[in-house]
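Descriptive analysis of the structure
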Amino acid sequence: MAIAFYFTEILNTNKVLYVDKNLLFWISIGLLLYHIGKIPTRIMRNYYEEIPNFENIFIAESILSIIMNICFIIGFICSEKDKQY
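The structure reproduced in this document is the subject of the present report.

About the cut-offs
Residues numbered from 1 in each chain as written. Predicted model: local features only at pLDDT ≥ 70, side-chain atom pairs only at ≥ 80, totals over all residues. Heavy atoms only, no water. Core = buried A, V, L, I, M, F, W, Y, C linked by side-chain atoms within 4.5 Å. Buried < 20%, exposed > 50% of the residue type's maximum accessible area, 1.4 Å probe, protein only. Helix = DSSP H or I, 4+ residues; strand = E, 2+ residues; numbered from the N terminus. Contact = heavy atoms within 4.5 Å. Phe/Tyr/Trp six-rings, centres within 6.5 Å; stacked < 30°, edge-to-face > 60°. Axes fitted to C-alpha atoms, helices over the stretch in contact; angles between N-to-C directions. Parallel < 35°, antiparallel > 145°, perpendicular 65-115°, else oblique. Left-handed = near helix turned anticlockwise from the far one by under 90°. Salt bridge = Lys/Arg side-chain N within 4 Å of Asp/Glu carboxyl O.

Attention now goes to the nonpolar core. Listed in full, the six residues of the largest apolar core are Ile3, Tyr6, Phe7, Ile10, Phe25 and Trp26. Mapped onto this core, the elements with two or more residues apiece are helix H1 (2-12) and helix H2 (23-47). If one sorts the elements of this core by residue count, H1 sits on top with four residues. Once you skip the residues sitting within four places of it in the chain, Tyr6 turns out to touch Asn22, Leu24, Phe25 and Ser28.

Attention now moves to the packing of aromatic side chains. On inspection of all chains with the given rule, the structure shows three aromatic pairs. Taking 6.1 Å as the distance between ring centres and 80 degrees as the angle between the ring planes, the aromatic pair formed by Phe7 and Phe25 counts as edge-to-face. Of this pair, Phe7 sits in helix H1 while Phe25 sits in helix H2, and the two are 18 residues apart along the sequence. Of the two residues, Phe7 and Phe25, neither departs from the other in class, the shared state being buried. A centroid spacing of 5.9 Å and a plane angle of 75 degrees characterise the contact between Phe25 and Trp26, whose relative ring orientation is edge-to-face. Each of the two residues, Phe25 as well as Trp26, counts as buried.

One way to put it is that H2 packs onto helix H3 (residues 54-78) with a least axis distance of 7 Å and a crossing angle of 175 degrees. The orientation of H2 relative to H3 falls into the category roughly antiparallel.

Once that is clear, we can look at the packing of H1 against H2. One can describe the packing of H1 onto H2 by two numbers: an axis separation of 10 Å at closest approach and a directional angle of 135 degrees. In terms of axis orientation, H1 runs oblique to H2. Like other packed secondary-structure pairs, H1 and H2 cross with a definite hand, here left-handed. For the pair H1 and H2, contact is made by Ile3, Tyr6, Phe7 and Ile10 and by Leu24, Phe25, Ser28, Ile29, Leu31 and Leu32, respectively.

Further remarks concern the pattern of salt bridges. Enumeration over the complete set of coordinates arrives at one salt bridge. Lys38 is paired through a salt bridge with Glu61; the nearest N and O atoms lie 3.2 Å apart. Separated by 23 residues along the polypeptide, Lys38 in helix H2 and Glu61 in helix H3 bring together distant segments of the chain. Residue Lys38 is classed as buried on the basis of its relative accessible area of 14%.

What follows is the structure in structure tokens.
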């Protein structure tokens, strides 16, 4: 829910924002992709107990985790550093 508020705030501002240099943007993209992909796998694990191949669900969740961490890494590498004196 907080991610949706953050994206609406970005869209409603009059300032020019460089999202590729914004760390919070990359973190929210990573979390959004992870949780959107996690919903179907969670439903399958909870309600369809007779699925013979849980390995596919595990692989999908691992890929989602890797994508989220890649977004975090891109954010930390590409974000502007605050200069504190």
